[in-house]
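# Structural description and commentary
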Amino acid sequence: MTANRHERVVVEADGGARGNPGPAGYGAAVLDADTGETLIERAAYLGVTTNNVAEYSGLIAGLKAAAALGARQVAVRMDSKLVVEQMSGRWQVKHPGLRPLHAEAAKLADGFAEIGYEWIPRARNTHADALANKAMDAGEFGTVELVDVLADPSTSDGSGPARPNDPPADAAPAPGSDNPADAGRSDVDGAGATADAGRSDVDGAGATADAARSDVDTATLAEGADDPVDAALRAMVGGPGVAAARPGGSVAASAAPVAGRTRLILVRHAATAQTRRGAFCGAECDPELDEIGRRQAAALADRLAVLAPDAVLVTSPQARARQTAEAIAHRLDTVPRVEPRLVEVSYGAWDGLTFDQVAVGWPAELDAWLAATSVPPPGGESMDSAGARYSEALNEVRRHQHERTIVLVGHGSMVKLMLRDVLDAGRRFLDTIQVDPAGLSVVDLFDDGNAAVPTINDTAHLTA
């Protein structure tokens with residue numbers, strides 16, 4: 001292969017959900033721009049999420065694959081009007097859940113010398129659409145399918161294309177277009193808004209950034225292989241009878257399935273620089289874990305490998321939660337499902353400020369916010385509003401994972417609000433309970449409507 005053989009590529013991507021939100025997956029194909037030859041295919045099941053999260057996840061997967069091939073000039077073709085217009089800069093990204101995904105895609109795009117985006121009808125996007133549907137089909141049968149196909153393994157020395165170590169699976173939801181031309185698809189965002197040409201506010205309601213991406217790659221490719229990797233399939237999250245032994249010790253007796261009980265393990269993400277500053281860091285704030293946070297996430301993962309080795313893993317799409325979930329996923333040998341509705345509360349004008357700074361700048365507004373959960377920060381979201389979407393997400397996950405153990409990785413407000421609702425507590429509960437980074441709380445929900453909370457803010461794994 002000459003040094004510039006794959007410098008010019010076309011990325012075709014798609015993603016969608018069967019229901020919005022619903023079981024979702026994505027597909028992406030990288031083609032040689034001059035010959036049309038397929039170079040790489042990627043697909044993954046994302047769990048329950050929205051169409052728009054899935055679309056962005058497919059784009060991210062395709063851009064990462066193009067970067068792995070050393071591409072310099074990239075033409076992106078998608079049947080998502082929303083993603084194409086937002087990535088082209090003509091539409092704003094108004095929904096906080098999609099901003100992290102957009103930012104990640106934009107960062108990847110900056111790595112190419114040239115990049116352009118073209119909307120195409122769904123009928124011309126059949127390659128990526130088929131990959132996304134294949135991933136969704138696999139997921140609905142209790143498995144997660146990760147595909148990484150290198151259609152052209154040849155290189156200048158015949159050893160196969162350079163492949164990154166542990167390439168991410170870039171999980172995103174399945175075929176779903178937000179273009180009205182795609183009749184019959186679930187193209188209405190969670191808020192009921194269809195993506196019309198000229199609109200800039202059609203981010204999928206509840207779609208979150210990360211969205212739907214799972215950066216845990218279970219389809220590791222052997223470097224130097226002479227043959228294409230046709231597919232990497234693994235039963236990951238919830239196939240009947242799938243309960244392989246995991247490293248890390250025996251499972252606690254309380255982790256065993258109990259008839260009529262669904263166990264929740266509520267996890268706050270590990271530490272970031274913002275966390276340790278004590279600053280408000282909401283839906284629009286997306287720092288990554290710092291060194292301390294990465295160590296915390298690893299310790300938490302070791303704990304959960306013992307406590308809940310066969311758990312379903314669901315995460316907020318924001319970087320700090322997603323990175324915490326990825327550490328857990330690696331230890332549990334599973335793939336996290338991204339749930340956009342688990343994003344942190346939006347703190348509006350207070351984002352990035354400490355409590356003392358807010359008290360000086362907005363004394364009356366802060367008093368009102370502390371007095372009533374129905375009052376939002378200036379330009380932000382009320383606790384009541386956030387609690388409603390958390391409950392909606394939890395109820396949906398619980399319906400699909402009845403009598404399972406579910407690890408929900410999110411933010412401090414998510415843990416507090418879910419505990420408040422289970423305990424039927426009031427506003428003061430939110431101010432007095434402590435939820436530490438990488439702390440876990442256990443809630444048992446029973447079919448008869450009762451609940452038990454055996455553990456709140458357990459951080460024993462951080463001090464061992």
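The structure this text deals with has already been given above.
Parameters at a glance
Residues numbered from 1 in each chain as written. Predicted model: local features only at pLDDT ≥ 70, side-chain atom pairs only at ≥ 80, totals over all residues. Heavy atoms only, no water. Pairing = 2+ DSSP bridges. Helix = DSSP H or I, 4+ residues; strand = E, 2+ residues; numbered from the N terminus. Axes fitted to C-alpha atoms, helices over the stretch in contact; angles between N-to-C directions. Parallel < 35°, antiparallel > 145°, perpendicular 65-115°, else oblique. Contact = heavy atoms within 4.5 Å. Nonpolar A, V, L, I, M, F, W, Y, C, P; charged D, E, K, R; others polar. Salt bridge = Lys/Arg side-chain N within 4 Å of Asp/Glu carboxyl O. Buried < 20%, exposed > 50% of the residue type's maximum accessible area, 1.4 Å probe, protein only. Core = buried A, V, L, I, M, F, W, Y, C linked by side-chain atoms within 4.5 Å.

### Some points on the sheet that holds strand 13 (residues 451–458)
Strand order in the open sheet made by the six strands is 10-9-11-8-12-13, with mixed pairing throughout. The open sheet has two edge strands, strand 10 (337–338) and strand 13, and neither has a second partner. Pairing geometry for strand 9 (residues 312–315) and strand 10, over two bridges, is parallel. Counterpart to Thr315 in the pairing with strand 10 is Val338.

### Observations concerning the packing of helix 10 (residues 383–400) against helix 11 (residues 412–423)
At a closest axis distance of 10 Å, the pairing of helix 10 and helix 11 adopts a crossing angle of 80 degrees. Between helix 10 and helix 11, the crossing angle belongs to the class labelled roughly perpendicular. On the side of helix 10, the interface is formed by Met383, Asp384, Ala386, Gly387, Tyr390, Ser391 and Leu394, while helix 11 contributes Ser413, Met414, Leu417, Met418, Arg420 and Asp421. Looking at the contact of helix 10 with helix 11, its residues break down into seven nonpolar, three polar and three charged.

### A few points about unusual backbone geometry
Positive phi, normally seen in glycine, also occurs at Ala438, with a value near 65 degrees. By the element assignment, Ala438 lies in the loop between helix 12 (427–432) and strand 12 (440–446). Even without a glycine there, the phi angle at Asn457 is positive, about 55 degrees. With respect to the element layout, Asn457 can be found in strand 13.

### Section: the pattern of salt bridges
Proximity of charged atoms lets side chains of opposite charge pair with each other. According to the stated counting rule, one finds 24 salt bridges in the structure shown. Between Lys64 and Glu104 there is a salt bridge; the shortest N-O distance is 3.5 Å. Of this pair, Lys64 sits in helix 1 (residues 51–68) while Glu104 sits in helix 3 (residues 99–109), and the two are 40 residues apart along the sequence. For Lys64, a relative accessible area of 16% gives the class buried. The shortest N-O distance in the salt bridge between Glu118 and Arg77 comes to 3.7 Å. Here Arg77 lies in strand 4 (residues 73–78) and Glu118 lies in strand 5 (residues 114–119), a separation of 41 residues in the sequence. Through salt bridges with shared partners, a single network forms among Lys64, Glu104, Arg322 and Glu326.

### Structural notes on the nonpolar core
Among the nonpolar cores identified, the biggest contains 38 residues, and Val30, Tyr56, Leu59, Val74 and Val76 are the most heavily contacted of them. Elements with a contribution of two residues or more to this core: strand 1 (8–17), strand 2 (22–32), strand 3 (38–49), helix 1, strand 4, helix 2 (81–87) and helix 3. Ranked by the residues each element gives to this core, the list is headed by helix 1, at nine residues. Contact partners of Val30, with chain neighbours within four places excluded, come to Val9, Val10, Val11, Glu37, Thr38, Leu39, Ile40, Gly62, Ala65, Ala66 and Leu69. Listed in part, the 31 residues of the second largest apolar core include Leu264, Ala386, Leu430 and Leu445.

That is the geometry; function is a separate question.
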